Amino acid sequence: MERGKSWVDYYGNKAVRIPKQRYFCWTTVMCALCLLTKADGCPAHCTCRESTGIVTCQSLRERTVPTDLPQWATTLVMRGYNITTLLMDTFSPNGTELELVNLSLSGNNIQIIEAYAFLGLVRLESLDLSHNRLVYIAAEAFGGLHKLHYLCLNDSSLGFAVVQVSDALETVRLRNLKTLELSGNQLTTAPIANLDALNLEVLVLTNNSIQTVGKEDVSSLYRHDNMRVYLASNPFKCDCELEGFYIWLTNSSQCPDASILQCSDPHRKKGIPLEKLRRGDLDCTNTSLETESYVFLSIVLALIGVVFLMVLYLNRKGIKRWLNNIREACRDQMEVYHYRYEQDSDPRLANVAV
């Protein structure tokens, strides 16, 4: 029988001798456990819950995204970081693919998203970028997120960057994107037509500065009759330019919050729900009549001008004769006046005449 390793373990007061094979097996298991513990260790400033797959990180000093995430992590929530810029391969510097399905980067002072910043997150379905200060979004910013179906950009101070968002979403062809939230970004126009290439089911445009919805946007709403649009808390200007949207709103069920949409301008209509307006309240009737009147008057004047020119052309010979006669008569009259003037100016001629 093989002799045991000279190793003593104490269970109470009793010493046991461990065989050599068991010793090496025990050492291997312990090393493997150490490696696994290190690989699945929780990053600094983070709290990890393996049972739910959620990793929550919060730091007021860190400027970089933690990349040493556990293999079991499916949800990463980051808050309070001062990241400023999401560089290319931010989440996959070594080219590895993470198992993340949900990613929340809300409130991290993100201003710039470069191309392929989310590369390596091939399984990502939900992305929250709300409460940041986005000023630039590259055209390929969302490259690689082919499974993304939810994107939140609420309160991100988009402004003119909303056009970049539209370009970025259209460039990478996010066919699986179903929900897009753009609430609280002080948008003055509804970027519905710009998102025409997407197959959105929910578009949130609440709490912006939208006054009207253009004809192209309304046409896009008619084409995507399965899309739900939320537009509450916008200062709509209830004039003739809103007529197309008003007709769509009163004949469609695509706007779940239609009952709380209100006029903000003009002052006499302030606070009136859009659904309770009548079509005549949009002041399009008078505008149409005035336009039609001007058009009709212009047509009449043009016809009179054409008729007058035709009459002149057809009677050009008679008119020429008439003008010659007038010229001759004027000439004879002028000669008489000239003769009388000469007589009045010379006294001798006056005496001879007497």
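An account of the accompanying structure is given in this report. In this text the structure is predicted, and so the values were computed from the model without any measurement. (Residues numbered from 1 in each chain as written. Predicted model: local features only at pLDDT ≥ 70, side-chain atom pairs only at ≥ 80, totals over all residues. Heavy atoms only, no water.)

## Considerations on the overall build of the protein
Turning to step 1, where the next piece is worked out: The helix and strand tally for the protein stands at seven helices and 16 strands.
Turning to step 2, where the next piece is worked out: Split into buried and exposed, the 354 residues of the protein put 34% on the buried side.
Turning to step 3, where the next piece is worked out: Here the contacts in the protein between residues at least 6 apart in sequence split such that 59% fall between residues at least 24 apart.
Turning to step 4, where the next piece is worked out: As presented, the protein carries roughly 22,300 Å² of accessible surface, and 55% of it is formed by carbon and sulfur atoms. (Helix = DSSP H or I, 4+ residues; strand = E, 2+ residues; numbered from the N terminus. Buried < 20%, exposed > 50% of the residue type's maximum accessible area, 1.4 Å probe, protein only. Contact = heavy atoms within 4.5 Å. Areas by Shrake-Rupley, 256 points an atom, 1.4 Å probe, with all protein chains shown as cover.)

## Let's talk about the nonpolar core
Turning to step 1, where the next piece is worked out: Residues Phe118, Phe142 and Phe245 are the most contacted members of the largest nonpolar core, which totals 75 residues.
Turning to step 2, where the next piece is worked out: Where this core is concerned, the elements lending two or more residues are strand 4 (54–58), strand 5 (75–79), helix 2 (161–171), helix 3 (215–223) and helix 4 (243–250).
Turning to step 3, where the next piece is worked out: By residue number, the principal contributor to this core is helix 2, which donates five residues.
Turning to step 4, where the next piece is worked out: Setting aside residues no more than four positions away along its own chain, Phe245 makes contact with Val213, Val218, Leu231, Phe236, Leu261 and Leu274. (Core = buried A, V, L, I, M, F, W, Y, C linked by side-chain atoms within 4.5 Å.)

## Quick notes on the sheet that holds strand 11 (residues 150–152)
Sheet strands pair by backbone hydrogen bonding; their relative direction is either parallel or antiparallel.
Turning to step 1, where the next piece is worked out: Taken in spatial order, the nine strands make up an open sheet running 3-4-5-7-9-11-12-13-14, and their pairing is mixed. For this open sheet the edge positions go to strand 3 (46–49) and strand 14 (228–230), each flanked by a neighbour on one side alone. Strand-to-strand twist across the sheet, computed as the mean angle between neighbouring axes with direction ignored, equals 5 degrees.
Turning to step 2, where the next piece is worked out: Here strand 11 runs beside strand 12 (residues 179–181); their pairing, made up of three bridges, is parallel. Looking at strand 12, one finds that Leu151 is bridged to Leu180. (Pairing = 2+ DSSP bridges. Axes fitted to C-alpha atoms, helices over the stretch in contact; angles between N-to-C directions.)

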